[in-house]
Structure formats: C-alpha cells, structure tokens
Amino acid sequence: MRMKKILICGLLTGMVSGICACSGKAAKEEAASGAAGEAAEISSGQGTETVTNDSTDWENAEENEEESAEDFVPEAENSAVEPGIDVVGIEAHVKEIHGDTLLISSDSDDFPGAFAVTGADEMPESSDLQGGTAIQIVMQRSDGTDEQGLAKYRAEKIVILSGDEEEAHEDVLLLEAPVLTLQDALSSKMDKAELAPGNYNWNVENGEEGTGVVACGVAPLEEAAMDFTVKVKVPEYNGMSGVPYMLSVPAAPDNMVVRQWNAGDIGNMEAKEERVTKYYFNTTVLDLEAGKVYEFALEWKKGDAEANTFYGSASYVLVTE
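Small disclaimer: the values here were computed from a predicted structure and weren't measured. Numbers given to residues run from 1 along each chain, matching the order in which its sequence is written. With pLDDT at 70 or above as the cut-off, local features in this predicted model cover only qualifying residues; side-chain atom pairs require 80 or more to be listed or tallied, and sums for whole chains, interfaces and linings still use all residues. Hydrogens and water molecules were not included; the side-chain quantities draw on all heavy atoms of the structure.

## Brief notes about the overall build of the chain
A count of helical and extended segments in the chain gives three helices and 17 strands. Burial classes: relative accessible area under 20% of the type maximum marks a residue as buried, over 50% as exposed, and values in between as partly exposed (1.4 Å probe, protein chains only). Every one of the 321 residues in the chain was classed for burial, and the buried ones make up 45%. Of the contacts made within the chain by residues no fewer than 6 positions apart, 68% connect residues no fewer than 24 positions apart. Each helix is a run of DSSP H or I of at least 4 residues and each strand a run of E of at least 2, with the numbering of both proceeding from the N terminus. Contacts: residue pairs with any heavy atoms within 4.5 Å of one another.

## Observations regarding the pattern of salt bridges
Criterion for a salt bridge: a side-chain nitrogen of Lys or Arg within 4 Å of a carboxyl oxygen of Asp or Glu. Scanning the model with the defined rule gives six salt bridges in all. Lysine 301 is the partner of aspartate 110 in a salt bridge, and the nearest nitrogen-oxygen pair spans 2.8 Å. With a gap of 191 residues between them, aspartate 110 in the loop between strand 3 (101-106) and strand 4 (114-118) and lysine 301 in the loop between strand 16 (292-300) and helix 3 (305-308) connect regions that are remote in the sequence. By relative accessible area, aspartate 110 is classed as partly exposed at 39%.

## A word on the nonpolar core
In this text, buried Ala, Val, Leu, Ile, Met, Phe, Trp, Tyr and Cys residues form a nonpolar core when linked through side-chain atoms within 4.5 Å. In terms of nonpolar packing, the biggest core is built from 35 residues, with Phe296 and Trp300 touching the most fellow members. Among the nonpolar cores identified, the runner-up in size contains 24 residues, and Val117, Ile135, Ala151 and Val257 belong to it.

## Thoughts on the confidence of the model for the chain
pLDDT is a residue-level measure of predictor confidence that goes from 0 to 100. Confidence in the prediction for the chain averages 80 pLDDT; 73% of positions are at 70 or higher. The weakest mean pLDDT in the chain belongs to helix 1 (residues 28-44) at 40; the strongest belongs to strand 13 (residues 255-262) at 98. Every residue in residues 11-17 scores below 50 in pLDDT, and together they form 12 contacts with partners more than four places removed in sequence or on other chains.

## A word on the packing of aromatic side chains
Note on aromatic contacts: the rings of Phe and Tyr and the six-membered ring of Trp form a pair at centre separations within 6.5 Å, being stacked when their planes are under 30 degrees apart, edge-to-face when over 60 apart, and tilted otherwise. According to the stated counting rule, one finds seven aromatic pairs in the structure shown. An angle of 80° between the planes, with centres 6.0 Å apart, marks the rings of tyrosine 279 and phenylalanine 281 as edge-to-face. Both residues of the pair, tyrosine 279 and phenylalanine 281, count as buried. With centroids separated by 6.1 Å and ring planes inclined at 5°, the aromatic side chains of tyrosine 294 and phenylalanine 296 adopt a geometry described as stacked. For the pair tyrosine 294 and phenylalanine 296, a shared accessibility class is recorded, and that class is buried. Pairwise contacts between aromatic rings join Phe111, Phe115, Tyr153 and Tyr280 into one cluster.

## Thoughts on the environment of tyrosine 153
Residue placement: tyrosine 153 occurs in strand 6 (residues 151-160). Tyrosine 153 sits in the buried class, given a relative accessible area of 3%. Spatially, the C-alpha atoms of tyrosine 153 and glycine 119 are 8.8 Å apart, while their sequence positions differ by 34 residues.

## Let's talk about the pairing of strand 5 (residues 134-145)
Being paired, for any two strands, means DSSP has found at least two bridges between them. Where strand 2 (residues 87-98) meets strand 5, seven bridges bridge the pair, whose relative direction is antiparallel. In the sheet register, glutamate 91 faces strand 5, and the bridge partner there is glutamine 136. Where strand 5 lies against strand 6, eight bridges are found, and the strand directions are antiparallel. When the bridges of strand 6 are listed, glutamine 140 appears paired with arginine 154.

## A word on the sheet that holds strand 8 (residues 193-195)
Taken together, the four strands give an open sheet; going across it, the order is 8-7-12-15, and neighbouring strands pair in antiparallel fashion. Edge positions in the sheet fall to strand 8 and strand 15 (285-288), since each has one partner strand and no second. Strand-to-strand twist in this sheet, taken as the mean axis angle between neighbours without regard to direction, amounts to 35°. Two strands pair when backbone bridges link them, and strand 7 (residues 180-184) and strand 12 (residues 243-248) are joined in this way by four bridges, in the antiparallel orientation. Among the inter-strand pairings, leucine 182 is bridged to a residue of strand 12, identified as leucine 247. Between N-to-C directions, angles span 0 to 180 degrees; the directions come from axes that are lines fitted to C-alpha atoms, helices contributing only their stretch in contact.

## A short note on the pairing of strand 17 (residues 310-320)
Burial of strand 17 is extensive: 10 of the 11 residues sit out of reach of the surface. Bridge count between strand 9 (residues 200-206) and strand 17: five bridges; the pairing is antiparallel. Bridge pairing in strand 17 places tryptophan 202 opposite glycine 312. Direction of pairing for strand 11 (residues 230-232) relative to strand 17: parallel, over a ladder of three bridges. Bridged to valine 232 within strand 17 is threonine 320. Taken together, the eight bridges between strand 16 and strand 17 define a ladder with antiparallel strand orientation. Bridged to valine 293 within strand 17 is valine 319.

## A look at the side chain of arginine 259
Within the secondary structure, arginine 259 sits in strand 13. A relative accessible area of 13% places arginine 259 in the buried class. N or O atoms within 3.5 Å of each other form a polar contact, as long as, within protein, one can give a hydrogen and the other can take it, and as long as residues adjacent in sequence are counted only when both atoms are side-chain atoms. Within the structure, the side chain of arginine 259 is placed 3.5 Å from the side chain of glutamate 273, a separation counted as a polar contact.

## Observations regarding the environment of isoleucine 90
Among the structural elements, isoleucine 90 can be located in strand 2. Classification of isoleucine 90 by relative accessible area gives buried; the value is 0%. Between the C-alpha atoms of isoleucine 90 and tyrosine 280, which are 190 residues apart in sequence, the distance is 5.2 Å. Not counting the four nearest positions on each side in its chain, isoleucine 90 is found in contact with Ile104, Ser106, Ser108, Phe111, Phe115, Ile135, Gln136, Ile137, Met139, Tyr280 and Phe281.

What follows is the structure in structure tokens.
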C-alpha cells in the first residue's frame, strides 16, 4: 500500500512554542513505530509530504527520537509486570473466591493471565460475585505473588457485566484524530468540555492508497501551553474526593492510558506522575479530582482498520481546578 505521511511537530492550538512531546512518554511509541517508519520515504523522495514549522524540521524530530530512545522502555511481555503502569482496568471472569481474595482470569486479549485480587469484599458488588461472574475490574498492583504464583492486585472498582454490553461496531469513518468530550455525570447541566488532540498518529486507508499524519504538540506539563489547555472546574460534592465524568469519542478506542500529575508540578518537566492507569476496555466514566493535570492517551488498533479504515493514537490534556 502507498502511504503518504505528514509530520506536524511543535503545533498546538494557538501555535505555542514549547518542548515537543514526541520525546515524552505518551508519544514515544508514535514516534518510533509511526514517524520513524516514514523517514526513509521522506528522505528518498517517494512522494511523502512533510509539514513543519519554522523551528522544527524532520531531521530535528528524528534527532530527538534518537536521543530519547535510551529512555524508552517497551511494554513487558508479561502483562502482570508491565512497567510504568500503576493501575489496570480489564474485563475478566471470576474463577474462584477464597475469603477476601478473588481468583480471576482476564478476558482482555492485550492483558492475559490469571490474578489474585484482594479487596473485593469491600465493594458493594461483593455479595453478587460468584464463580463464572463476568466483570470489569480496575485494580492496583500489589507486591509479590500468592501461593499459586499468581500476581497480586487490589481491587479499586468492580462492575458486574450483564452480557448485554457488547457494542455494535460504529459505522463511522474518522478522517482525523477525534475530539474527546467530557461531562460531569452528576450535574443536571448539559455543559461539556471538548478536548482537541495534541499529539497524535492518525492513519486512514482507502484501497491501495493511504494517508497518515504524525502531530507532536507540547508536553502535558509545559507551562507555555497552559493558556491554551482546556480547564474544568470540578464541583464539590459531599463526601466525594473525585467526581465522575463521562468520556465520549465518535468511535470507541481499544485502550486508554490516563496519566495524572499534581497541578503544582506545571512547568516541572521532570515531575513524576502521581498515578498511571491503563484501561483495556472502553471505559466511559472516570473519576477526576480538582487541582490535577490529566493526559488521556487513546489507541485505535490497526487490526481494526479493515472495518474502520482508520487506526492510530491520540492524546489529550486537561487541567482541573
């Protein structure tokens, strides 16, 4: 297939100049697997178009990628010890229950395995759990393994699946990375916040022709970008540390990584995330806290391109107040 690739580096709403996020954690896979694969076409003049701004060209982007290659740690083959991920959300089914411990088997292809999960007895759904129950579970990695050698996790949230959740394929063609919409799930108002993608790698296939765009915005904590970053005031509800927000995009992604920093770290490019969660199912509700910076990194897998004719990844940044 003939693929035309376009690189846009250093762009953000309002043309802010800052540190290109292609060298950040959220975009390294995009730079390595998407843009790098097209570098040869660009340099050999095979019809691939390059779009740059005045301060950044393809060679600089390639140079940044090489410099940051040592920092990139690929995902572990054993999903139970995937580096850099504090919390995972998967679909699974309960195999056995032993006291306060669930033995579950993952139904998420990209996070296979069996796990020992504690804390389920503290969930409102605990009385309805039994062997064979299908669930969505968000769980945090614990130290060590159980007596059977299974990786140990602690449950944070459990949703029992009824079997009717299978969504029909969205008959939609996304020619560009979509907008992510957020809405307070508890509010009677219909106010919505719309987040445009900052970093993305987007590909559209049409028979023997295809186009791809790799866009590198600035890093989530870049202070120069804050004037153009969407900000949402999180309401205060009695007894709630976080507020549920509904997330929606025109076509459901295959997975999503949510990174969270303290808003006090804005401008500190070396600040470590407070929390990193990867969802291996399409989650439509997330709890957000005030005073945070969030990055939502969504992926639409290439394996679905035959049905969708599009695939790629996109990240979105939000500041809560």
